[in-house]
Amino acid sequence: MSQYKSALAEAEHTAALLRAALQRTGVPEHEVSRVRALVAGKGRAYVEIGALPVGSAVALLNALPPTSEASS
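Thresholds applied
- Residues numbered from 1 in each chain as written.
- Predicted model: local features only at pLDDT ≥ 70, side-chain atom pairs only at ≥ 80, totals over all residues.
- Heavy atoms only, no water.
- Pairing = 2+ DSSP bridges.
- Helix = DSSP H or I, 4+ residues; strand = E, 2+ residues; numbered from the N terminus.
- Salt bridge = Lys/Arg side-chain N within 4 Å of Asp/Glu carboxyl O.
- Buried < 20%, exposed > 50% of the residue type's maximum accessible area, 1.4 Å probe, protein only.

### Let's talk about the pairing of strand S1 (residues 36–39)
Along any regular strand, the residues point their side chains to alternate faces of the sheet.
Then comes step 1: By the bridge criterion, four bridges tie S1 to strand S2 (residues 45–48) in an arrangement that is antiparallel. Bridge assignment links Leu 38 to a residue of S2, and that residue is Tyr 46.
Then comes step 2: The hairpin formed by S1 and S2 contains five residues between the paired strands, and Gly 43 there has a positive phi angle of roughly 90 degrees.

Structure (structure tokens):
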């Protein structure tokens, strides 16, 4: 049970950080609320983002740091 509680706490903390980041990008609250913490049967922590409208997904992508593409 302590492993479950620990995993849930980790997932809830991470989900809260992601919700805050989405709010800072201007994503509406009803979309932000789709982000939630989950714990799988084997005790692994997950954050479910849910479906976001394209505009909100673009806002999230724009908030992420740029990546460098690997050269071929």
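### Quick look at the pattern of salt bridges
Then comes step 1: If you walk through the whole model with that rule in mind, you get one salt bridge.
Then comes step 2: Between Glu 48 and Arg 36 there is a salt bridge whose closest N-O contact spans 2.6 Å. Taken together, the positions of Glu 48 in strand S2 and Arg 36 in strand S1 put the pair 12 residues apart, joining distant regions of the chain.
Then comes step 3: By relative accessible area, which is 32% here, Glu 48 ends up partly exposed.

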